[in-house]
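Residue-level listing of the chains:
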Amino acid sequence: MNKLNIPDKSISSLNLKQIRPQGNGDFEIYRINKALVPGNKMFLTPHRRNYYQFVFVNEGNSSFWVDFHYHSFKPGGLYFTGPSQLFVKDVQLPMEGIILSFTKEFLQMATQLNRLPILNSNEAYEFRSSIKERKEIEHTLIKILDEFAKQDELSALSLISYLGIFLVQISRLYNKLPAVTGTPLKGKTITDFFNLVNAEFSKYHLVAEYAALLNITPGHLNELVKKYTGKTAILCIQERLTLEAKYMLFHTTDSIKGIAYSLGFNEAAYFSKFFKRLAGITPEEYRKNTLEICSRTPEMDNS
């Protein structure tokens, strides 16, 4: 049985410079060789990353958990993960393919790309593409690899151009997913709102607080968020708080009181009521039940 143990320390946050010290910390692309298995122990404990990552797999496989969902790399697959998600590496096996990573700071050179829905989805995705689509995507990644190796005064501009082509290709696959079909580009206000929620959810819990930061009225913010997501702004804030609480309940040994305070709640009792209203069970029940549920893979359940 695959077990995910609760560590005795807080969840770490990894940046791209830690993972690839030889790089610039904002953009990386490299091939992974099936004969070489990265031995980075940082990946084996619960952590977050400050960057987006696409993994294009030719051969081999590995498995990992993202936000309590089990994923298995398979040949022919393309995988996406974003900042703020929680990772746990489960099985690390030899693979062959290409890994592309970049930060939000790198995307600031092309603001329109930053508005693509996939880059604001807060979810991990596995894409299955046609042979033609796969060849087109691999061709673009190879172009990015070649350009990245040049490292001259025009490299940044060229990389942005090729990255734009790549993200458009991926977004077309993303838009085919049933749950997101027809999703439009986010406006700047909506993008800024979700970025603020991800960064400040433990400090600000009210729609009015985020509206003030965005210099708009709470009513207008709620209208924009509901138009894009189908949810109220307060529900989006509360869901982010609840997800963070689940992370901490599952991946740390912090007390309920400690978790409540770290998430900006003044009283543990109020936090427990809040969590039960959103999650359906108390924090104590969630911590007790989730380890057993998350220790099972889909393959085990099917057997």
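So, how was this worked out
Residues numbered from 1 in each chain as written. Predicted model: local features only at pLDDT ≥ 70, side-chain atom pairs only at ≥ 80, totals over all residues. Heavy atoms only, no water. Helix = DSSP H or I, 4+ residues; strand = E, 2+ residues; numbered from the N terminus. Buried < 20%, exposed > 50% of the residue type's maximum accessible area, 1.4 Å probe, protein only. Areas by Shrake-Rupley, 256 points an atom, 1.4 Å probe, with all protein chains shown as cover. Core = buried A, V, L, I, M, F, W, Y, C linked by side-chain atoms within 4.5 Å. Contact = heavy atoms within 4.5 Å. Expected span 1.5 Å × (residues − 1). Arc of directions from axis to C-beta. Phe/Tyr/Trp six-rings, centres within 6.5 Å; stacked < 30°, edge-to-face > 60°. Salt bridge = Lys/Arg side-chain N within 4 Å of Asp/Glu carboxyl O.

### Topic: the overall build of the protein chain
Moving on, step 1. Counting its secondary structure elements, the protein chain contains 13 helices and 10 strands.
Moving on, step 2. Taking all 303 residues of the protein chain together, 48% fall into the buried category.
Moving on, step 3. Here the protein chain has roughly 15,300 Å² of accessible surface; of this, 54% comes from carbon and sulfur atoms.

### Quick look at the nonpolar core
Moving on, step 1. Ranked by internal contacts, the top residues of the largest apolar core, which has 32 residues, are Phe27, Leu100, Phe102, Phe166 and Leu167.
Moving on, step 2. Listing elements by their share of this core, those giving two or more residues are β2 (27-32), β4 (51-60), β7 (78-81), β9 (95-103), α2 (104-107), β10 (125-127), α4 (131-150) and α5 (155-175).
Moving on, step 3. A total of eight residues in this core trace back to one element, the largest contributor, which is α5.
Moving on, step 4. What leucine 100 contacts, discounting residues up to four positions off in sequence, is Phe27, Glu28, Ile29, Tyr52, Gln53, Phe54, Leu141, Ile144, Leu163 and Phe166.
Moving on, step 5. Of all hydrophobic cores here, the second largest spans 28 residues; its members include Leu214, Ala233, Leu241 and Leu263.

### Describing helix α11 (residues 268-279)
Moving on, step 1. With 12 residues, α11 extends 16 Å between its outermost C-alpha atoms, agreeing within 8% with the 16 Å of an ideal straight helix rising 1.5 Å per residue.
Moving on, step 2. Within the span of α11, buried status applies to Phe271, Ser272, Phe274 and Phe275. The arc enclosing the buried residues of α11, seen along the axis, measures out at 165 degrees, which places them on a common side. In α11, the exposed residues that point more than 90 degrees away from the buried face are Lys273 and Arg277.
Moving on, step 3. Once α11 finishes, glycine 280 follows within two positions and takes phi at roughly 90 degrees, a positive value.

### Looking at the packing of aromatic side chains
Moving on, step 1. One pass over the structure, following the stated rule, counts 18 aromatic pairs.
Moving on, step 2. Between the aromatic rings of tyrosine 52 and phenylalanine 80, the centroid separation amounts to 6.3 Å while the plane-to-plane angle is 20 degrees, which identifies the pairing as stacked. Here tyrosine 52 is found in strand β4, whereas its partner phenylalanine 80 is found in strand β7, with 28 residues between them in sequence. Residue tyrosine 52 shares its accessibility class with phenylalanine 80, and that shared class is buried.
Moving on, step 3. Measuring from ring centre to ring centre gives 5.1 Å for phenylalanine 265 and phenylalanine 274, while their planes differ by 45 degrees; the resulting arrangement is tilted. Here phenylalanine 265 and phenylalanine 274 have matching classes, each one buried.
Moving on, step 4. Ring pairing ties together the aromatic residues Phe265, Tyr270, Phe271, Phe274, Phe275 and Tyr286, which thus form one cluster.

### So, the pattern of salt bridges
Moving on, step 1. One pass over the full model with this rule turns up four salt bridges.
Moving on, step 2. The closest approach of N and O atoms between lysine 231 and glutamate 239, which form a salt bridge, is 2.9 Å.
Moving on, step 3. With relative accessibility at 32%, the residue lysine 231 sits in the partly exposed group.
Moving on, step 4. Where glutamate 244 meets arginine 240, a salt bridge forms, and the shortest distance between an N and an O atom there is 3.0 Å. In this pair, glutamate 244 and arginine 240 both sit in helix α9 (residues 233-251), four residues apart, roughly one turn of the helix. Per residue, the accessibility class of glutamate 244 equals that of arginine 240, and both read buried.

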